[in-house]
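Residue-level listing of the chains:
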Amino acid sequence: FSEQGYLKYTIPISNENLPKPQEFEKSEVFMTLDSIVPDYHKKKLYLKIDYHETEIDSSTKAKAGIQFKNTLIYPLDIETGKYEEYLIIPGQEETVSNGFSKQTFTYAYDFLGITENGWLFFMVAADSGFYIQMIHPNGQKIIKRHIEVDHQNVFYHNFSLSSQGIISALLAKEQEVQLVWWRTD
């Protein structure tokens, strides 16, 4: 939309047209378009696509479900309609121990947004709050932070990212609602 509120572009995006990296061409990969975020300055959209692949049971060689493989951010040039080179977003790993066995699970981050200076922000829930992952567009710099939130007392939460990188949240509790914010600089 323009600054006056007039529609400038209509961009149809369907699952059939989502980009699939060459390394996934030979495997059975399921793609999910998770979110689309506009750039503040450029005529560009950022598509967060999560990729899952079929999990094979090692003992029976049968399909045992699907597991998270990767998250990729694809910048889409609005004027040309072409995808630019993707950015790999590392997932959050969690190790679960049960007796003598240990399993590591990887979870996809949620795409919170992009700041004016181009930092991409992601978040994922943790036992003691949320992990925040900030990635520079060239992918060479990744910063991780932790935000403490008591999940037991929060019935609803909604996070937002400002263009300057301030994360704000609406936290609904049983007897009150809190508006909180965190600086990321």
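The following paragraphs examine the structure supplied in this document. Please read all numbers here as calculations on a predicted model, not as lab measurements.

### A word on the pattern of salt bridges
Then, in step 1: Under the definition given, this model contains five salt bridges.
Then, in step 2: Residues Glu-53 and Lys-69 are paired through a salt bridge, measuring 3.9 Å at the closest nitrogen-oxygen approach. Here Glu-53 is found in strand 2 (residues 44-56), whereas its partner Lys-69 is found in strand 3 (residues 63-77), with 16 residues between them in sequence.
Then, in step 3: Among the residues examined, Glu-53 registers a relative accessible area of 17% and is labelled buried.
Then, in step 4: Among the charged side chains, a network of salt bridges with common partners joins Asp-34, Lys-48 and Asp-50.

### Considering the sheet that holds strand 7 (residues 110-114)
Then, in step 1: Across the sheet, four strands lie side by side as 7-8-9-10; this open sheet has antiparallel pairing. One side of each edge strand has no neighbouring strand; the edge strands of this open sheet are strand 7 and strand 10 (142-148). The sheet shows a mean angle of 25° between the axes of neighbouring strands, direction not considered.

### Considering the packing of aromatic side chains
Then, in step 1: Applying the stated criterion across every chain yields a total of five aromatic pairs.
Then, in step 2: Both rings, one in Phe-111 and one in Phe-122, keep their centres 4.9 Å apart while their planes meet at 15°; by these two values the pair is stacked. Of the two residues, Phe-111 sits in strand 7 while Phe-122 sits in strand 8 (residues 120-126), which places them eleven residues apart along the sequence. Each member of the pair, Phe-111 as well as Phe-122, carries the same accessibility label: buried.
Then, in step 3: Between Phe-130 and Phe-159, the aromatic rings sit 4.8 Å apart at their centres with planes inclined by 65°, giving edge-to-face as the arrangement. Highlighted residues: Phe-130 in strand 9 (residues 129-135) and Phe-159 in strand 11 (residues 154-161), separated in sequence by 29 residues. Comparing Phe-130 with Phe-159 shows no difference in burial state: the two are buried.
Then, in step 4: Here the aromatic residues Tyr-74, Tyr-83 and Tyr-86 are joined through ring pairs into a cluster of three or more.

What counts and what doesn't
- Residues numbered from 1 in each chain as written.
- Predicted model: local features only at pLDDT ≥ 70, side-chain atom pairs only at ≥ 80, totals over all residues.
- Heavy atoms only, no water.
- Salt bridge = Lys/Arg side-chain N within 4 Å of Asp/Glu carboxyl O.
- Helix = DSSP H or I, 4+ residues; strand = E, 2+ residues; numbered from the N terminus.
- Buried < 20%, exposed > 50% of the residue type's maximum accessible area, 1.4 Å probe, protein only.
- Pairing = 2+ DSSP bridges.
- Axes fitted to C-alpha atoms, helices over the stretch in contact; angles between N-to-C directions.
- Phe/Tyr/Trp six-rings, centres within 6.5 Å; stacked < 30°, edge-to-face > 60°.

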